[in-house]
Amino acid sequence: MRFHSGSAAAAAAAAVLGLALTVAAAAEGGSAQQQQVLGAQTEAMPDYLWETFDRHLSRMRFIDLTHTIRPDMPIWRGFGNSTFSAAVNRLSGEPFTYATDGFVATAYRLTTDQMGTQLDAPAHFNPLGAASDEIPATYALSKLAVIDVSRKVRANATYAVEVDDILEWERQHGRVPARAAVFVRSDWSRTWPRVNTDEFPQVSLEAVQFLHRQRNILFHGHEPLDADMTPGFDAESWILRNGYAQAEGVANLHLVPPTGCLLSTGLPKFAGGVGHYARFVALCPAEWPYGAVPAAASEAPMPLFAAPLQWSPEKGYRVR
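This write-up is about the structure you can find in this document. Since the structure is predicted, the reported quantities are computational estimates derived from the model, not experimental observations.

What follows concerns a negative patch on the surface. Together, E162, D164, E206 and D234 make up a negatively charged patch on the protein surface. Structurally, the position occupied by D164 is in helix α6 (residues 163-173).

Let us now look at the packing of α6 against helix α7 (residues 205-213). With their axes 8 Å apart at the nearest point, α6 and α7 run at an angle of 45 degrees to one another. By the angle class used here, α6 and α7 are oblique. Where α6 abuts α7, its residues V163, I166 and L167 lie against E206, A207, F210 and L211. Grouping the amino acids of the contact of α6 with α7 by side-chain chemistry returns 6 nonpolar, no polar and 1 charged.

Looking now at unusual backbone geometry. Here the residue pair W192 and P193 is connected by a cis peptide bond, since its omega of 10 degrees sits within 30 degrees of zero. Looking along the chain, the bond that leaves A300 and enters P301 is cis, with omega of 0 degrees. The topology assignment puts P301 in the loop between β13 (279-284) and β14 (310-312). One non-glycine residue, R179, lies in positive phi territory at about 65 degrees.

Further remarks concern the pattern of salt bridges. Across all of its chains, the model carries 8 salt bridges by this definition. A salt bridge links R185 to D187, with the nearest nitrogen and oxygen atoms 2.8 Å apart. Just as R185 is buried, D187 falls in that class too. Overlapping salt bridges, with partners in common, bring together D148, R185, D187 and R190 in one network.

We now examine the environment of K152. Turning to its location among the elements, K152 is positioned in helix α5 (residues 150-155). Here K152 falls in the partly exposed class, since its relative accessible area comes to 41%. Counting along the chain gives 49 residues from K152 to P201, while the straight-line C-alpha distance between them is 9.5 Å. Ignoring anything within four residues of it in the chain, the contact list for K152 reads Y159 and D165. At a separation of 2.4 Å, a polar atom in the side chain of K152 contacts the side chain of D165.

Taken residue by residue, α6 has D165, I166, W169, E170 and H173 as its buried positions. End-on view of α6: buried residues confined to an arc of 140 degrees, all on one side of the axis. Away from the buried face of α6 by more than 90 degrees, exposed residues D164 and R171 are located. G174, located one to two residues past α6, shows a positive phi value of around 95 degrees.

Time to look at the environment of E236. Within the fold, E236 resides in helix α8 (residues 234-241). Measuring from C-alpha to C-alpha, the distance between E236 and F125 comes to 8.6 Å, with 111 residues separating the pair along the chain. Among residues more than four places away in sequence, those in contact with E236 are D120, H124, F125, D226, A227, D228, Q246 and E248.

It is worth spelling out the sheet that holds strand β7 (residues 181-185) at this point. An order of β1-β13-β11-β5-β7-β9-β10-β4-β12 is seen for the 9 strands of this open sheet, with the pairing classed as mixed. Here the strands that pair on one side only, and so sit at the sheet edges, are β1 (61-64) and β12 (275-277). On average, each strand axis in the sheet is tilted by 30 degrees relative to the strand beside it, whichever way the strands run. As judged from the 4 bridges shared by strand β5 (residues 141-148) and strand β11 (residues 261-266), these two strands associate in the antiparallel manner. Opposite S142, over in β11, you have L263 as the bridge partner.

In total, this model carries 12 aromatic pairs according to the counting rule given. Note on Y139 and F219: the rings are 5.6 Å apart at their centroids and 5 degrees apart in plane angle, and the pair reads as stacked. Separated by 80 residues along the polypeptide, Y139 in the loop between β4 (118-120) and β5 and F219 in strand β9 (residues 219-222) bring together distant segments of the chain. Given the relative accessible area of 0%, F219 is considered buried. Among the aromatic residues, ring-to-ring pairing joins Y139, F183, F219 and F280 into one connected group. Looking at R320, its charged tip hangs above the ring of F305, at a distance of 4.0 Å from the centre.

Rules and cut-offs
Residues numbered from 1 in each chain as written. Predicted model: local features only at pLDDT ≥ 70, side-chain atom pairs only at ≥ 80, totals over all residues. Heavy atoms only, no water. Patch = residues over 30% accessible without salt bridge, like charges linked within 9 Å, V, L, I, M, F, W, Y side chains within 5 Å. Areas by Shrake-Rupley, 256 points an atom, 1.4 Å probe, with all protein chains shown as cover. Salt bridge = Lys/Arg side-chain N within 4 Å of Asp/Glu carboxyl O. Lys, Arg positive; Asp, Glu negative; His and termini not counted. Charge placed at Lys NZ, Arg CZ, Asp CG, Glu CD. Helix = DSSP H or I, 4+ residues; strand = E, 2+ residues; numbered from the N terminus. Axes fitted to C-alpha atoms, helices over the stretch in contact; angles between N-to-C directions. Parallel < 35°, antiparallel > 145°, perpendicular 65-115°, else oblique. Contact = heavy atoms within 4.5 Å. Nonpolar A, V, L, I, M, F, W, Y, C, P; charged D, E, K, R; others polar. Buried < 20%, exposed > 50% of the residue type's maximum accessible area, 1.4 Å probe, protein only. Polar contact = N/O pair within 3.5 Å; in protein donor to acceptor, adjacent residues only side chain to side chain. Arc of directions from axis to C-beta. Pairing = 2+ DSSP bridges. Phe/Tyr/Trp six-rings, centres within 6.5 Å; stacked < 30°, edge-to-face > 60°. Lys NZ or Arg CZ within 6 Å of the ring centre and 35° of its normal.

Structure representation (structure tokens):
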């Protein structure tokens, strides 16, 4: 299915994207005087963003592109395994419980900020590059283009995306939009967590250079946990050392059309971090058959479950 930029839903989404980025840019990088003016005008702001949400975005399809973080999830061989445990009350030395404290909490020992669905910050490879807490707030929303090479990956499990793949996509769908997030569908993640982290589909150095230099994209993403298998991480090194970010460990791209969607990016803000545990969500037109619709979801209140949440010593986290 192709969603044309002339459709009402796409036009509304584009308008929201432009307005959101304008406001975010002003809040993120504006002068103190500009931010004071913005704050002073808050009560007088027009509500066209709310109107656009009610008219179009509230009917959009939301598709989660994120793996659940578990202590036993696949990880690059150089990193150790993480552990989860019940948080302990430092006053009593005992874990918090529903019966005693009325609540529970979790303690996480995370061996790296490079695991699961993630956004690599430039500082991962470059000490002068932006760290996790220095990624602009404008990364929160962008256009999303999906380039599907899954058929080539079925024939060659370590296939590397080439510039020709991008040009072929453009012959079908038009030019890759500037400032878009471009995700590569390989279907590598469809067997998650049973995946090979040593041999996987790749993105070539020439392809990422083309996307950034010739198409001015915001960032690219892929399903495996690394961009390439070269000894020097050629593509990943070039991306990060030149001030760009990249998404890794992306899921469910087989549910997303090649064009017409937006990408919502949620990131924690670790001081001095070099990677983010990310929550990527594709926002697709109402006509698309996949994804959750806000009005149809049980959001507030969320439903209660038949089975209680309990700690599993075997799994190392709470389960139902």
